[in-house]
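Inside the fold
Here is what each chain is made of, one letter per residue.
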Amino acid sequence: YRNASSYLSERHVDAAVGALERHRFVGVLEAYNASVRLAMHIFGLEPEGSSDFAASRTSMSLGQACSGAPALRLDARACREVYALNSLDATLYERAHRLFCRRLREAGLWGEPAVRAELARARLCGDVDFSNADHVCGALETPDARAELRRLRETCASRANRRTAPGARPG
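Residues numbered from 1 in each chain as written. Predicted model: local features only at pLDDT ≥ 70, side-chain atom pairs only at ≥ 80, totals over all residues. Heavy atoms only, no water.

**Quick word on helix 5 (residues 76–85)**
Listed as buried for helix 5 are Ala76, Ala78, Cys79 and Tyr83. Summarising the axial view, the buried residues of helix 5 lie within an arc of 165°, below the 170-degree limit, and thus occupy one face. The outward face of helix 5, more than 90 degrees from its buried face, is lined by the exposed residues Arg77, Ala84 and Leu85. (Buried < 20%, exposed > 50% of the residue type's maximum accessible area, 1.4 Å probe, protein only. Helix = DSSP H or I, 4+ residues; strand = E, 2+ residues; numbered from the N terminus. Arc of directions from axis to C-beta.)

Now the structure itself:
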């Protein structure tokens with residue numbers, strides 16, 4: 001990945017959003033089931049069986065407690081640094097996710113309990129502005145969030161120490 005924020009501008013974000021608007025379907029991974037339901041609605045398909053279209057969608061790094069992904073999601077300083085370096089990405093995500101939300105409403109899926117629950121878990125289609133670092137990273141600056149980050153770091157440090165101890169087995 002190469003951060004292009006140094007030579008791209010809001011004009012490029014506008015063009016990207018315009019391209020998304022021309023597609024019949026736009027979904028977001030954070031609301032996978034709602035995205036599938038929207039695609040099925042748009043393309044006139046009916047679900048077969050379960051309404052959970054993929055039971056396990058998490059990234060491998062998110063499943064590993066000591067990978068960078070959980071720490072980034074808990075570390076306010078790292079979160080703000082990422083936002084500073086990728087402000088156009090955050091702006092594009094915010095606008096794309098709002099397009100998705102609008103299309104859920106237009107399709108009549110907005111009021112479905114499973115859709116609302118999934119959106120709420122991901123904090124989508126509500127008050128959070130994903131282009132605003134304070135909205136996303138600010139929640140990581142609470143005492144509870146700081147304690148969780150300390151716990152994660154202590155856990156990972158003790159795991160690293162066990163792996164490097166004399167006679168320790170790798171893995």
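**A look at the side chain of Thr91**
Relative to the helices and strands, Thr91 resides in helix 6 (residues 87–106). For Thr91, a relative accessible area of 14% puts it in the buried group. In this structure Thr91 touches Glu10, Val13 and Ser131, once residues within four positions along its chain are discounted. (Contact = heavy atoms within 4.5 Å.)

**So, the side chain of Glu94**
Note on placement: Glu94 falls in helix 6. Within the structure, the side chain of Glu94 is placed 2.7 Å from the backbone nitrogen of Phe130, a separation counted as a polar contact. In this view, Glu94 contacts Val128, Asp129, Phe130 and Ser131; residues no more than four positions away in its chain are not counted. (Polar contact = N/O pair within 3.5 Å; in protein donor to acceptor, adjacent residues only side chain to side chain.)

**Here we look at the pattern of salt bridges**
This model, assessed by the stated rule, comprises nine salt bridges. Glu112 is paired through a salt bridge with Arg37; the nearest N and O atoms lie 2.0 Å apart. One end of the pair, Glu112, is in the loop between helix 6 and helix 7 (113–121); the other, Arg37, is in helix 2 (residues 32–42), with 75 residues separating them in the sequence. Relative accessible area serves as the criterion here: at 23%, Glu112 is assigned to the partly exposed category. Among the charged side chains, a network of salt bridges with common partners joins Asp75, Arg77 and Glu81. (Salt bridge = Lys/Arg side-chain N within 4 Å of Asp/Glu carboxyl O.)

**What to know about the packing of aromatic side chains**
The description of an aromatic ring pair rests on the distance of the ring centres and on the angle between the ring planes. Enumeration over the complete set of coordinates arrives at one aromatic pair. Across the ring face of Trp110, the terminal group of Arg105 is positioned such that the distance to the ring centre comes to 3.9 Å. (Phe/Tyr/Trp six-rings, centres within 6.5 Å; stacked < 30°, edge-to-face > 60°. Lys NZ or Arg CZ within 6 Å of the ring centre and 35° of its normal.)

**Here we look at the state of the cysteines**
By the definition in use, this model includes two disulfides. Through a disulfide, Cys79 is tied to Cys137; the S-S separation comes to 2.0 Å. Torsion about the S-S bond of the Cys79 and Cys137 cystine: about -75°, corresponding to left-handed handedness. Placement of the pair is Cys79 in helix 5 and Cys137 in helix 8 (residues 133–137), with a sequence separation of 58 residues. Pair check on accessibility: Cys79 and Cys137 agree, each one buried. For Cys101, the disulfide goes to Cys125, at an S-S distance of 1.9 Å. (Disulfide = S-S within 2.5 Å.)

**Describing the packing of helix 1 (residues 10–21) against helix 6**
Put simply, helix 1 and helix 6 touch, their axes get as near as 10 Å, and they point 25° apart. The pairing of helix 1 with helix 6 is recorded here as roughly parallel in orientation. Between helix 1 and helix 6 lies a crossing of right-handed hand. Listed contacts from helix 6 to Glu10, Val13, Asp14, Ala16, Val17, Leu20 and Glu21 of helix 1 are Leu88, Thr91, Leu92, Arg95, Ala96, Leu99 and Arg103. For the contact of helix 1 with helix 6, the per-class residue count stands at eight nonpolar, one polar and five charged. (Axes fitted to C-alpha atoms, helices over the stretch in contact; angles between N-to-C directions. Parallel < 35°, antiparallel > 145°, perpendicular 65-115°, else oblique. Left-handed = near helix turned anticlockwise from the far one by under 90°. Nonpolar A, V, L, I, M, F, W, Y, C, P; charged D, E, K, R; others polar.)

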